[in-house]
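# Structural features, examined
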Amino acid sequence: MKKIVLSLAVIATLTLASCGNKNADKATTTTEQEVAIEQGDKYAVNLTESNVTWKVAHKGGINPRYGTLTLKAGDIAIDANGLNAGSYTIDMNSIKADRASVDKDDEVAKLEGHLKSPDFFDVEKNPTVDFKITKVEDFDAAKHTSKVEGANKVVSGNLTILGKTVNITFPAKVTVENGKAIMDASFIADRAEWGLVFGTTDKDSGAALNPAEWGISKDMEIGIHLVADKVAE
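What comes next is a walk through the structure. For every chain, the first residue of its written sequence is number 1, and the numbers climb from 1 along that sequence. Local features are withheld for residues below a pLDDT of 70 in this predicted model, meaning they are given only at 70 or higher, and side-chain atom pairs are given and counted only at 80 or more; totals for whole chains, interfaces and linings count all residues. With hydrogens and water set aside, each side-chain value is computed from the structure's full complement of heavy atoms.

## Here's the deal with the overall build of the protein chain
Under the DSSP-based scheme used, a helix requires at least four consecutive residues in state H or I and a strand at least two consecutive residues in state E, with every element numbered from the N terminus. In terms of regular secondary structure, the protein chain is built from 1 helix and 12 strands. Each helix and strand of the protein chain, ordered N terminal to C terminal, gives the series β-β-β-β-β-β-β-α-β-β-β-β-β. Throughout this description, buried means an accessible area under 20% of the type-specific maximum (1.4 Å probe, protein chains only), exposed means over 50%, and partly exposed covers the range between. Burial analysis of the protein chain (233 residues in total) assigns 48% to the buried set. Just so you have it, the protein chain exposes about 11100 Å², and 48% of that area is on carbon and sulfur atoms. All accessible areas in this document rest on Shrake-Rupley with a 1.4 Å probe, and a residue is counted as covered only by the protein chains that are shown.

Shown next, in the form of structure tokens:
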């Protein structure tokens, strides 16, 4: 239980939790919802400019582990009211651990390998994580709060990890200008909701462990920087 490991998403993903990051929002979750129908102009996700970051507390937050993921595909729809639908796919084979988050050089490859193993994302069987937008609302300061500077939308979508789909809602900053759309968000979610239970339950009995015994936090922090270019008609 004390292996040097941690988990996404994301993601969710995704980047990113109980690591003490004051810039991440606590996401809310519910059951899978109907996917939104695209309206307006189509924007293709720029795979080079977009990125996902992840972070999970390790050893009680003393040594958080963090890194990046890349997108494999994606598109969004923009109409007069802004973002309204879309989806993107994360390539889980791209998961990288930041050297600064581990103690030794050889721990980078070990951590990446463990995250790809059946203990976590089981990348051989589940090579991607998918997110499909189900709803987009305007951010209302009277109803919503966010640690993301300039947040102007509340995005909900079906996030599928390990074949399990959970609907997740988080604030985001979305800007559209000169044929380019950018979405930034940073949120925290409980990885156990997607069956990522290493360190939260006993593998043999399935019994929940005392949080004080977790070597790895059940919370994962996902950061999204999504850039999309308008598709010419």
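Let's pick the thread back up.
## Notes on the pattern of salt bridges
Here, a salt bridge means any Lys or Arg side-chain nitrogen found within 4 Å of an Asp or Glu carboxyl oxygen. Going through the model one piece at a time under the given rule, you end up with 10 salt bridges. In this structure, D190 and K218 form a salt bridge, with 3.8 Å as the shortest nitrogen-oxygen distance. Of the two residues, D190 is situated in strand β11 (residues 180-190) and K218 in the loop between β11 and β12 (219-230); the sequence distance between them amounts to 28 residues. By relative accessible area, D190 is classed as buried at 18%.

## Some points on unusual backbone geometry
Located in the positive-phi region is L162, a residue other than glycine, with phi close to 55 degrees. Inspection of the secondary structure assignment puts L162 in the loop between β9 (153-161) and β10 (164-177). One non-glycine residue, N178, lies in positive phi territory at about 50 degrees. With respect to the secondary-structure elements, N178 resides in the loop between β10 and β11. For N178, a relative accessible area of 77% gives the class exposed.

## Re the pairing of strand β8 (residues 128-138)
Bridge count between strand β7 (residues 82-97) and β8: 5 bridges; the pairing is antiparallel. Residue pairing for β8: S87 is matched across the bridge by K132. Two strands pair under a simple rule: DSSP has to find at least two bridges between them. As defined by bridge partners, β8 adjoins β9 across 8 bridges and the pair is classed as antiparallel. Note on β9: the bridge partner recorded for V136 is V155.

## Quick look at the packing of aromatic side chains
Think of it this way: a Phe, Tyr or Trp ring, Trp meaning its six-membered ring, pairs with another when their centres are within 6.5 Å, and the plane angle makes it stacked under 30 degrees, edge-to-face over 60, tilted otherwise. Taken as a whole, this structure holds 3 aromatic pairs when the rule is applied. On the basis of an interplanar angle of 40 degrees and a centroid distance of 5.9 Å, the ring pair of F131 and F170 is categorised as tilted. Taken together, the residues F131 in strand β8 and F170 in strand β10 connect sequence positions 39 residues apart. Over the ring of Y66 we find K55, and its NZ or CZ is 5.9 Å from the ring centre. Any Lys NZ or Arg CZ that is within 6 Å of a ring centre and within 35 degrees of that ring's normal is treated as a charge sitting over the ring.

Shape is all these values report; function is a separate question.
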